[in-house]
Structure formats: C-alpha cells, structure tokens
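So the chains spell out like this:
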Amino acid sequence: MKLSKATTLFISLHAGYALAGSPAISLTVGEGFTNPIGFHDATPTFSWKLPDGVKKQTAYRVEVRDHELLWDSGWIESDQSVLVPYAGKPLSSRQSLSWRVDYRDEDGQPSGWSEPASFELGLLSSKDWTAKWIRPGADLPELESTSLLRRSFPITQEVTQARLHVTARGLFEIHLNGEKVGRDEFAQGWTSYQKRIDTLSYDVTSSLKKGRNAIGAMLGTGWYAGKIGFRGESNRYGSQPELLLQLEVQYADGSSSTLISDEDWSSTFDGPIRSSSIYNGENYDANLEIDGWSTAEFNDGSWAKVKANPDLGSAVLSPKPFAPVRVIEEIATQKLTEPEPGRFIFDLGQNMVGYPEIRIPVTKGRTITMRFAEMLNPDGTMYTDNYRAAKSTNQYTAARDGTITWKPTFTFHGFRYVELSGFEKDISPQKDWVTGLVLHSDLPRIGKFESSHPKLNQLQSNILWGQRGNFLDIPTDCPQRDERMGWTGDAQAFCSTSMFNYGSHAFWKSWLGSMRDDQLPSGKIPCVIPDVFAGPDSPGWMDAATIIPWNVYVRTGDKEILSENYQMMEGLVGFYRKKAKNHRIHKISAFGDWLQPYAKDNKGNTPFELLGTAFYAYSTQILADSAKVLGKTADAEKYQTEAKAVKQAFATHYFDEQGKLKNAPETQTAYILAFEFNIIPEKFMKGAEKNLLRLINEADGHLRTGFLGTPYIAQVLEETGNPEVAFDLLFKESYPSWFYSINQGATTMWERWDSFTLKDGFHPEGMNSFNHYAYGAIGQWMYERVAGLAPDPTQPGYKHFFVRPLPGGPLTSASATLETAYGTASSSWALTGRTLEMNVRVPPNTSATIEFPNGREKENVGPGIHRYRLPM
Ligand code: RAM
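Rules behind the numbers
Residues numbered from 1 in each chain as written. Predicted model: local features only at pLDDT ≥ 70, side-chain atom pairs only at ≥ 80, totals over all residues. Heavy atoms only, no water. Pairing = 2+ DSSP bridges. Helix = DSSP H or I, 4+ residues; strand = E, 2+ residues; numbered from the N terminus. Axes fitted to C-alpha atoms, helices over the stretch in contact; angles between N-to-C directions. Expected span 1.5 Å × (residues − 1). Buried < 20%, exposed > 50% of the residue type's maximum accessible area, 1.4 Å probe, protein only. Domains from an automatic or database assignment. Buried area = accessible area lost by both parts, 1.4 Å probe. Salt bridge = Lys/Arg side-chain N within 4 Å of Asp/Glu carboxyl O. Polar contact = N/O pair within 3.5 Å; in protein donor to acceptor, adjacent residues only side chain to side chain. Nonpolar A, V, L, I, M, F, W, Y, C, P; charged D, E, K, R; others polar. UniProt positions renumbered as here; feature names shortened; annotations may be inferred. Contact = heavy atoms within 4.5 Å. Near = heavy atom within 4 Å. Areas by Shrake-Rupley, 256 points an atom, 1.4 Å probe, with all protein chains shown as cover. Core = buried A, V, L, I, M, F, W, Y, C linked by side-chain atoms within 4.5 Å. pLDDT = per-residue confidence, 0-100. Lys, Arg positive; Asp, Glu negative; His and termini not counted.

Engineer: Where do I start with the sheet that holds strand 46 (residues 847-850) in this structure?
Structural biologist: Strand pairing in a sheet relies on backbone hydrogen bonds. The paired strands run either parallel or antiparallel. With mixed pairing, the four strands of this open sheet are ordered in space as 41-42-46-47. Each of the sheet's edge strands pairs with one partner strand only, and the pair in question is strand 41 (789-791) and strand 47 (859-861). Within the sheet, the average angular offset between the axes of one strand and its neighbour, ignoring direction, is 25°. In the sheet, strand 41 pairs with strand 42 (residues 800-803) via three bridges, with the strands oriented antiparallel. Looking at strand 42, one finds that leucine 789 is bridged to valine 803.

Engineer: Sorry, what's going on with unusual backbone geometry here?
Structural biologist: For residues besides glycine, phi is generally negative; the peptide bonds are generally trans as well. For the peptide bond that leads from isoleucine 529 to proline 530, omega is -5°, which places it in the cis range. As for its placement among the helices and strands, proline 530 is situated in the loop between helix 4 (505-518) and helix 5 (544-556). Here the residue pair tyrosine 735 and proline 736 is connected by a cis peptide bond, since its omega of -10° sits within 30 degrees of zero. For proline 736, the position within the fold is in the loop between helix 12 (723-730) and helix 13 (738-743). Its identity as a non-glycine residue notwithstanding, aspartate 426 has a phi of 65°, on the positive side. Looking at the secondary structure, you find aspartate 426 in the loop between strand 32 (413-421) and strand 33 (434-441).

Engineer: Before we go on, may I ask you to explain helix 5 in this structure?
Structural biologist: Helical geometry: 3.6 residues make up each α-helical turn, so side chains three or four residues apart lie on a common side. A rise of 1.5 Å per residue sets the reference length of helix 5, with its 13 residues, at 18 Å; its end C-alpha atoms lie 17 Å apart and thus fit the reference within 8%. In terms of burial, helix 5 is a largely internal element, 13 of the 13 residues being buried. Within two residues after helix 5, glycine 557 carries a phi angle of roughly 75°, on the positive side.

Engineer: In this structure, what is going on with the domain arrangement of the chain? I would like to understand it.
Structural biologist: Interface size is commonly expressed as the accessible area that is lost once the parts come together. Segmentation of the chain into domains returns domain 1 (25-121), domain 2 (126-319), domain 3 (332-441), domain 4 (447-787) and domain 5 (796-871). Centre-to-centre, using C-alpha coordinates, domain 1 lies 37 Å away from domain 4. Carbon and sulfur atoms supply 63% of the area buried between domain 1 and domain 4, which totals about 380 Å² over both sides. Between the two partners, domain 1 and domain 4, sit one salt bridge. Across the pair lysine 509 and glutamate 31 runs a salt bridge whose closest N-O atoms are separated by 2.8 Å. The tally of links from domain 1 across to domain 4 stands at one residue pair in polar contact (both at pLDDT 80 or more). Here the side of domain 1 that touches domain 4 is built from residues that sort into three nonpolar, no polar and one charged.

Engineer: Help me out: how do you make sense of the sheet that holds strand 2 (residues 25-29) in this one?
Structural biologist: Reading across from one edge, 2-3-6 is the order of the three strands in this open sheet, with antiparallel pairing throughout. Edge positions in the sheet fall to strand 2 and strand 6 (84-85), since each has one partner strand and no second.

Engineer: I keep staring at the UniProt feature "domain: Alpha-L-rhamnosidase six-hairpin glycosidase" (unreviewed entry) in the chain and nothing clicks. Help me out?
Structural biologist: UniProt's feature table lists "domain: Alpha-L-rhamnosidase six-hairpin glycosidase" (unreviewed entry) at residues 445-786, given in the numbering used throughout. Helix makes up 51% of residues 445-786 and strand 5%, and the two end C-alpha atoms of the span are 20 Å apart.

Engineer: Mind showing me how you'd approach the environment of phenylalanine 675 here?
Structural biologist: Assignment of secondary structure puts phenylalanine 675 in helix 9 (residues 668-676). In the structure, phenylalanine 675 is positioned 12 residues away from asparagine 663 in sequence and 18 Å away in space, judged by C-alpha atoms. If sequence neighbours within four positions are ignored, phenylalanine 675 has contacts with Ile680, Met685, Ala688, Glu689, Val716 and Thr720.

Engineer: Sorry if this is basic, but what is going on with the UniProt feature "domain: Alpha-L-rhamnosidase concanavalin-like" (unreviewed entry) in the chain here?
Structural biologist: What UniProt calls "domain: Alpha-L-rhamnosidase concanavalin-like" (unreviewed entry) maps, in this numbering, to residues 340-440. Annotated as 0% helix and 57% strand, the span residues 340-440 places its first and last C-alpha atoms 33 Å apart.

Engineer: Quick question: what am I supposed to make of the site of the ligand here?
Structural biologist: Neighbouring the ligand are the residues Asp477, Arg481, Glu483, Trp487, Asp490, Trp541, Phe591, Trp594, Phe707, Glu751, Met767 and His772. Between an oxygen atom of the ligand and a side-chain N or O atom of glutamate 483, the distance comes to 2.5 Å. Coverage of the ligand by the protein amounts to 96% of the 290 Å² it exposes when considered alone.

Engineer: Even after reading the chapter, I still don't get the pattern of salt bridges, so can you show me in this structure?
Structural biologist: It is possible for side chains of opposite charge to pair when their charged atoms get near one another. Under the definition given, this model contains 57 salt bridges. Its salt-bridge partner being arginine 752, residue glutamate 765 comes within 3.4 Å of it at the nearest N-O pair. Residue glutamate 765 is located in the loop between strand 40 (761-762) and helix 14 (779-787), and its partner arginine 752 is located in the loop between helix 13 and strand 39 (756-757); the two are separated by 13 residues in the primary sequence. Salt bridges here are not isolated pairs; linked through shared partners, they connect Arg388, Asp477, Arg481, Asp482, Glu483 and Glu751.

Engineer: What is the right way to read the environment of tryptophan 738 from this model?
Structural biologist: By the element assignment, tryptophan 738 lies in helix 13. Here tryptophan 738 falls in the buried class, since its relative accessible area comes to 3%. Tryptophan 738 sits 68 residues away from alanine 670 along the chain, and the two C-alpha atoms are 21 Å apart. Setting aside residues no more than four positions away along its own chain, tryptophan 738 makes contact with Leu459, Leu703, Thr710, Ile713, Leu729, Leu730, Met749, Trp753, Tyr775 and Ile778. A polar contact is formed between the side chain of tryptophan 738 and the backbone oxygen of tyrosine 775, at a distance of 3.0 Å.

Engineer: I keep staring at the nonpolar core and nothing clicks. Help me out?
Structural biologist: Soluble globular proteins tend to bury their nonpolar side chains together. Counting residues in hydrophobic clusters, the biggest one holds 226 residues, and the most contacted among them are Trp48, Trp99, Leu459 and Trp508. In terms of residue count, the dominant contributor to this core is helix 7 (residues 608-629) (11 residues). Grouped together as the second largest cluster of nonpolar side chains are 29 residues, Ala168, Val181, Leu200 and Leu245 included.

Engineer: Sorry, what's going on with the confidence of the model for the chain here?
Structural biologist: Here the chain shows a mean pLDDT of 96. Residues at 70 or above account for 97%. Low pLDDT, under 50, characterises residues 1-17; the predicted model gives this stretch 47 contacts beyond four residues in sequence or across chains.

Engineer: Explain the side chain of aspartate 102 here, please?
Structural biologist: You can see aspartate 102 is positioned in strand 7 (residues 96-104). In this structure, aspartate 102 is buried with no salt-bridge partner, the nearest side chain bearing the opposite charge being arginine 61 at 5.8 Å. Once residues within four sequence positions are removed from consideration, aspartate 102 is found in contact with Ala59, Tyr60, Arg61, Trp75, Pro110, Ser111, Gly112 and Trp113.

Engineer: Is there a simple way to explain the pairing of strand 16 (residues 242-251) in this structure?
Structural biologist: Along any regular strand, the residues point their side chains to alternate faces of the sheet. A large share of strand 16 lies buried, amounting to nine of its 10 residues. Pairing analysis gives 10 bridges linking strand 11 (residues 159-169) to strand 16, with the strands arranged antiparallel. Across the sheet, leucine 164 pairs through a bridge with leucine 247, a residue of strand 16.

Structure (structure tokens):
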C-alpha cells in the first residue's frame, strides 16, 4: 500500500452526552469484581468508571464503611480512578462493607457521591475455620469413586443472614434442602493443594427454613485424588477427597450459630455416580439414585459415620481469588448421523469443552454409552486416537422406562461430536437429544475483533474457542487427552491475546500464585503448574514467571502482580545465571522451539543454548523493568547491567558483522527472538533483517517457527519495516499457516497446523490436539496492530494507549473494541477506494496517541469519539 502524506480531512467529535456532575459508575473492587461476597483481599483496591462525556478526573474521594466509617480518603488530587488502594482501618474476615466515590472532573466540578457498592470478605485464614476435614469412613472402593456426605440440623429462629464457607481436597457440589448451592462447577478448582486451597463462600440465607434442614455434599476425586499427569497413582495429591465446610447463621434476635463439617456427618459410596474421572469420564447408575438425600426428611441411618480430622494442614486456606467454572453457553446439535448401526453421532458444529446434557428415552436396566470426539474418521465414526489413554466415556444406566435428562458432574470432555449407543432397536434419535454445555472459568468477555475477511474472523473465533476450551480453572495446553495440564510455555505465548478477549486479570494472578508455590528451590519453574510433572528446564516455558506478570501489568496497570511475583522472577533469573558461563547458557535441557514444521524432531532446529541465552536476556530485562516500576532503583540498575551483558554475549557469540547467525543453524526463530528481545545491536539490524527475510523466502514465504517463534513473527516483521511479509504470512492458505488449518475445517486452534488434512487425514502422532491455544497468540498482533488498539507499557492499563491501525493484505476493514477499566476503547478502520475512514473511541480519563497509516503526523487525543477520513 502506498503511503501518502497529502492533506487529510479530519473530523473529531467529542461525545458530550453525560451531564457534568454525573456520579461514577461500574464500581469494582480488586481485579474487577462487582459486589462480591467471599472476597479474598483485606487490602483491596477500588476502581470506578467516569461516565461518557467526562474528560478527566482531577480529584477523588472514597469512603468505605461497615457500621461506621472505616476510611475517608478525603479529597485526593489525582487522576487515578483504577486500582486505588484502600488505606483505612484494618479489615477482617466476614466483614461486610459498602463504599462509594465522589470525583471532580476536568473543571473541578464534584460529581456527588456515587451509588454505594459493596463487598464482603471471606474467611481470610485458617484461623477462621473451626470445621474439621471430613471424609467417608471407609477407603475409596475404586480409584475414582465418588461419595455423598450429609447431616441434618435444626433452625429454630428467623434467619437474617446465612453464609456457607466451603472447600474440598477434591471436587465438591453442595446441596441444601434438596437444591444445589450456587452455579459453580469443578469447585474449588486446581491449585497447588499442598500449599494453597481456595475456599468459596455462598449466600444461602434464602435456602434455610425454620425447622429441620439438611446439608449434603457430593465429593469427587478430581485433580486432587484422581488420575492426572503422566506419572499415574504416585502423582496424586491425596488418596481420598475431603470436605471442609462451615455454615454460619445469624438470627433476628442477634444470636448466631455455626454448623461445621465434623464427626456428626454421615457418608456413603452407594450413590448413583459410581465413578467420575477427569480423563476417563463418569459412570452413572440411576438405580442407585437416593431420593431426597440432601433433605431433612431423609433417613441416613444406614450411612456410615465420617472420619473427621481437626488438623487443618499446612496449606493456606484463602478465598478463591477469581470466578469459578460455570456453564457459560449451550450449543444445539447441528447434525445427526448413524455411521454404524445403533451408534448415533451428534455433531455440535463447534469443537468445545464441557459436557453434554442428554435428554433421551430409556428403558429400565439399559446402559447408554456416551463417547466423545473432536473429529470424525473418514467413514464417519469417532476419531478418538488423540485422546490417548483418556477414555473420556460416560455411561448412564436407566432405572425406569421414560425420558431422562442427565449430565455428568465431575468430568469434562473436549469434543465436537457425541456418540450415543446402547438403545433398543428401532429407536429414532432426535437432534435435541444432545445439547453441548460449554464450561469455563466465568470471566467477563471484554474484547471484540472483526474484519472484512471471513477467514480472519474465523481465526478470531478459533482463538476465542481455544481460550474458552483451555481456561477451565487453570490455563491448560489442551482439554481432551490424558494431559490437560497448566503448561507454562503455552500459557506465556497466549497470555497477551487472552487479556484482550476475556477479563483474565484475576485468573492469571491466581495461577501465578500456584507458580510461586511450586517454584523449585533452585529457581527453576516446573513446566506445568500446578506441578504434577517437573520436566526439563526449558527456556520459554520457565519464563512464564516473568512474561505473564509483565504482560498482565501492561494491560491492567496492576503493580501488585509485579511485586507479588518479584522474588519468583529473581529466582528464575538466578537459575539462568547459575547455568551461564560468561553470561551465556552453554547447556540446558529444553522443549526447544516446540513443533517447528519441517524440523529434525518435535524440539525444532533452534539450539537449546541459543534459546536459553535469549530467554535469560528477556527475563532479566523484564526483571529490570519490573524493579524500575516498583521503585527498586538499585535492583533496576543491577539487572539492567546483567540483561545488557547477556544480550552482548548473545550478540557476539551468535552474530557476525553482517548480522548473520553464526555458531548455530540459522532458523527463523533465532532471528525473531533476537529482534523481539532487543538483542541485536543496532549495526547488525539491517543485515539480520535481510537474513530473516531470506529464510522466509527460502521457505516459500512460510513460517518455520514453533511455539517460541510463532507468537512474535508478525510483530517482528512489521517492526522491522516488513508489514507486507507479515500480512502475507497471516493470509497464507498453504501449510504451515493459520488459514491452512481453517481450510481443513478447524473451529478451534490446533496443536499442529496439519493435525488433520483433507488430503492425508490425521497426523500420525498421538500428540494431536484439536484444541491447543498456543498458536492463537497471533491474536495480539491482530488486535494491537491490524485493528490497532495497543496498550502503552509506560502508562499501563490503557491509561494511555496507542491507536495504530495497519491496513494491509486483502483487508478492507478491521476493528477492535475493548472494555478497559476506564470504559470502552476502540479502533476501527474501513478502506473505500483510496479513502480510509477511522473511528477511534477513547474512554473518559484516558488519552491515546493515534499513529496514522498514511504518514500523517501523530496526534494525541483525549476522551470521546474521533473520526478521520484519510487519503491513502
Ligand atoms: C505437550 C503439551 C504442550 C507443550 C509440551 C512441551 O505435550 O501439549 O503443548 O507445551 O508438550
């Protein structure tokens, strides 16, 4: 595209719809929570949005109270409206607070107090628990059996407030008087259970009644006592799930009572869920359903007493700091086939993660089998090879004739197809027998990307589904096979992209907590978190410890994520330092540039030592930058010097005077990382750029990068002044490329570009996931550069941001919209003939720098909607 500097037509509109003096809106605490209960942080932060029309905040005043005023910040002259730290009287567990804010706008006009918002703290430490860990009296009959626990209790007075605080070592579902409590699934989630167990709090005031009540718990082995990882049984955190529960009730007369999990509970293994396994699926026998098991009327005389343990253990008990997994969406069956007699396959049209809800006619005693698959074999049967050892099969045995509705409880599947078999002959299945229930951490959807190109939009959809499928409480590599672990390399690659699509701030912060818990004394970061498989050292995997905190900081402005993880980052950099000689890594174990196409093996052709030195430099640079942000001046200098030395060592060892790689095979990834991590000395840059372009050319314009190089390839090409090469890669249709997988039918991101091809069928290797988000990392470039909405690391959290649209390739329009902590930001452009229309939205109390794609001088703009028409 020709860039012209000719005169430009320009209109700038300022949205003026809010009246001066409008109170703040969307009050949130912490990492974006609205009126939470069971809140995790006794030193919270407060954020509010200014209404559209207000330009800037010049001062604020926050008040926090319970019965009395706990904090009045007084008028603070500041434009800070996001993550303002609490500085009042100490807060404690269970405290219920309300808060409000008043601000002055650009003219010094006070807004008046906002409507109050609230938050209620959960049980902040183990000291708040009088409950005991309970488990069924006997050992698990089978490795992944489930159990039911219950007790009844009286309520003699009028209840004014009831809170249920609960957690498990394992998975739980709580029922009160016959009803499930809350909408959470896979609670409490997966943390490094030896170190930290998250607790959940529920408002159950309206579930209690005067008279006899009953509470019940279903317990599953889940990630805690079930099979997870590669090491079989020895990997389990514990042999049996356990429950910890405290029901705290307040009465109208001012008195209160607490019911706890203790030896007064009863238990049975004889419920309908015979076994439930994350990898293998669930086995349900309706003949064993126990009517009313969680109601007061039920007689549990035949149940065994539980075992109770008053020792709470050494793991920190603290409120879950982000949203649990929930059913987010339902998908209807698109197509129904019967490739083999009696085996009915329901195609949901979308590879998804969760489980099906089935509504089917059954006859007493029959067992219906449900199998799952992401793809079909050429003959239309289920392709399940890529599940490897994960059986991922559910069974339902009917207790009566009639129509039943069922879904599993403690297992999930990665699938597009559901196969039902086991019916009477002559049955005529209907599409509405199967509905897909999509499950993932219930994070707010905050970003949207659209363009004029259907395949690019499909790519965005695949990226989104990759995220949805792999954000089931922790960031996983894949959701279907015998793995589903928190692979650090995949996570760091995808983190920035994820932050655009969903409000993932708290999600990452929590997972980084598990990473801190599992860091080894040497400073090494295990390659999956929570650690169920320490694995090799692996540059690019371990560096999730620096890259993720930094990327989240840039996109949220949350300095705490840097301070919390600072020591961990130092530990990692120390680990590299010990491995290095003269600032260069000479020997390191690694996954390499994982899955580089056409490489000698899965680990790619870029030497581990080169990757090690590059990531050592990058992580040290991030540490230095973090030290600077945190005001640790001496550290900042020290680590900056170290980063410089490592970069220099890299440059002298790996580059010749022509900017050509030496002492290592030339790979695209080697050049890309050297550029991205700012390692290449100025004088070698032109040469290095030429060599990278040559390598791409030799690959006939294709990428030859794996998990480490691919995330940065477009960015590096564009930043070295070769946007057309970046667009060419993005819009490539042949192997290996993003569109190539789409052309083979992808509705999610695949582990390999050719996991399946129309020509040759399935990739022969067992490691062949159809839901692997790592290559979705291209999303970042699409949002930040193609549509042009990019954060500014020096004023993080979109306090100031860049609008840098880049029309190119076959695109005639693109747009990105993001709900930032300040309000909606967006950048969109459309090209008609030689005229580019741009539409930019800047939220209140922020500013943006617009970089025009036709060479027109940059412009700094304030809040409002800005429209431009540019000749190109
Ligand atoms: C695979 C995982 C993951 C990758 C590692 C090295 O088994 O799926 O994507 O990070 O190996």
